[in-house]
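Each chain, letter by letter, is given below.
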Amino acid sequence: MTAKIAVKGVTKIFGNQPRQAMTLLKAGRSKDEVFKQTGQTVGVLDASFDIQPGEIFVVMGLSGSGKSTLVRMLNRLIDPTAGEILVDGRDITRLSARDLMDLRRRDLSMVFQSFALMPHLRVWQNAAFGLEIAGVDLAARRDKAQQALEAVGLGAYAESWPRELSGGMQQRVGLARALANEPSVLLMDEAFSALDPLIRAEMQDELLRLQAERQRTIVFISHDLDEAIRIGDRLAIMEGGQVVQVGRPDEILKNPANDYVRSFFRNIDVTKVLTAGDIARRDQVTVVRHTGEGPRAALRQLRERDREFAYVHDGRRRFQGVVSTDTLLAAIERSNGSATIDQALLPGIEAVPSNLPMEEVRQRVAASPCPLPVIDAGGAFLGAISKTAYLETLGRGA
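Residues numbered from 1 in each chain as written. Predicted model: local features only at pLDDT ≥ 70, side-chain atom pairs only at ≥ 80, totals over all residues. Heavy atoms only, no water.

- Named according to an unreviewed UniProt entry, the protein is Quaternary amine transport ATP-binding protein originating from Azospirillum picis.
- Its UniProt record gives the protein the following Sequence similarities (unreviewed entry) comment, quoted word for word: "Belongs to the ABC transporter superfamily." (UniProt positions renumbered as here; feature names shortened; annotations may be inferred.)

**Considering the packing of helix α14 (residues 295-304) against helix α15 (residues 325-335)**
Part 1 of the argument: Relative orientation of the contacting elements α14 and α15 amounts to 150°, with a least axis distance of 9 Å. Comparing their axes, α15 and α14 come out roughly antiparallel. For the pair α14 and α15, the crossing hand works out as left-handed. Every residue of α15 that contacts α14 at Pro-295, Arg-296, Ala-298, Leu-299, Leu-302 and Arg-303 is listed here: Thr-325, Leu-328, Leu-329 and Ile-332.
Part 2 of the argument: Of the residues contributing to the contact of α14 with α15, the split by class is seven nonpolar, one polar and two charged. (Axes fitted to C-alpha atoms, helices over the stretch in contact; angles between N-to-C directions. Helix = DSSP H or I, 4+ residues; strand = E, 2+ residues; numbered from the N terminus. Parallel < 35°, antiparallel > 145°, perpendicular 65-115°, else oblique. Left-handed = near helix turned anticlockwise from the far one by under 90°. Contact = heavy atoms within 4.5 Å. Nonpolar A, V, L, I, M, F, W, Y, C, P; charged D, E, K, R; others polar.)

**Some details on the environment of Trp-124**
Part 1 of the argument: Checked against the element boundaries, Trp-124 lands in helix α5 (residues 123-127).
Part 2 of the argument: With a relative accessible area of 8%, Trp-124 lands in the buried category.
Part 3 of the argument: As a C-alpha pair, Trp-124 and Arg-163 span 39 residues in sequence and 14 Å in three-dimensional space.
Part 4 of the argument: Beyond its immediate chain neighbours, meaning those up to four positions away, Trp-124 contacts Leu-138, Arg-142, Ala-145, Leu-149, Ala-158 and Glu-159. (Buried < 20%, exposed > 50% of the residue type's maximum accessible area, 1.4 Å probe, protein only.)

The structure is reproduced here in structure tokens:
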């Protein structure tokens, strides 16, 4: 898949001697050393990553990590000192002022932390402001503004004044203004940070609802890990101007790149991040269900590996059930040597899908007489979750 946005070696240096700072950086000097020698501040250093069409890409880091500088370079509100930024394969760092303005009007919209609504304009006029600047005629911009307000649940408030709206409603107007020109890329810089927790959660839900109705490429800046995990398809973690890790939340949680990243996830509730497939162990004894396989062969496998349970699947790895040493012995004794695997299956064992959130797995793991089997979307056996494995995973988030 071709990236919607490709960031390649992007660096931003603030100051009047960027070339001197770049020379020092290329020589291996640190951000702090560059500042001491030149007085130049390295905002972003050699950032490289791709953002795929239709994904919510969350950039997060501590204050001063460079995340807001980075997002402002994606539409050239801040010009990079070095590197390339490709939008649909086109390097926007080389665009003329006119072409850049056209790109912003057509493809890129931005939502800031401050609502930035104009108090002397009605809600629909605020939503249509970008269209007015772009020269869209009155009838068309009013129609587009109304559609955008309807999309964020404010269609009935088009004639209201901003002062008549709550903080959450005002931020919805800001979002509607960004959506009014139907952008393919939405840049959101700490867009919900000024809202109280309840309204913030509602706005996160609203964003996800809008994304489900019509996918856009969204770059979302946040310092809140819970928010990032809740809405992000992938995360980029920044430290000291550098992008230190990019990946899905579960990937980063399981394999943090360094102690800085690890500290971000230290107190995260892993049950809201990981799924059954993430914590399933793949080391179980398995039995392939076919005409030549019987209880005695399965029992031998269990005894040789000192295990109590075996997981039965067919030749395509589709899960069939679970047998134990006790059920296998009982089947052999009852049948006088002609038992089948079917006669030894434990009753009532249902596999769970791999995408089931870990928080929904807990009760099933606790109630299962054996490690809980996990299957993929096609019914193939992936592994099992024991009570011990579940508790160990919980411990990783502490």
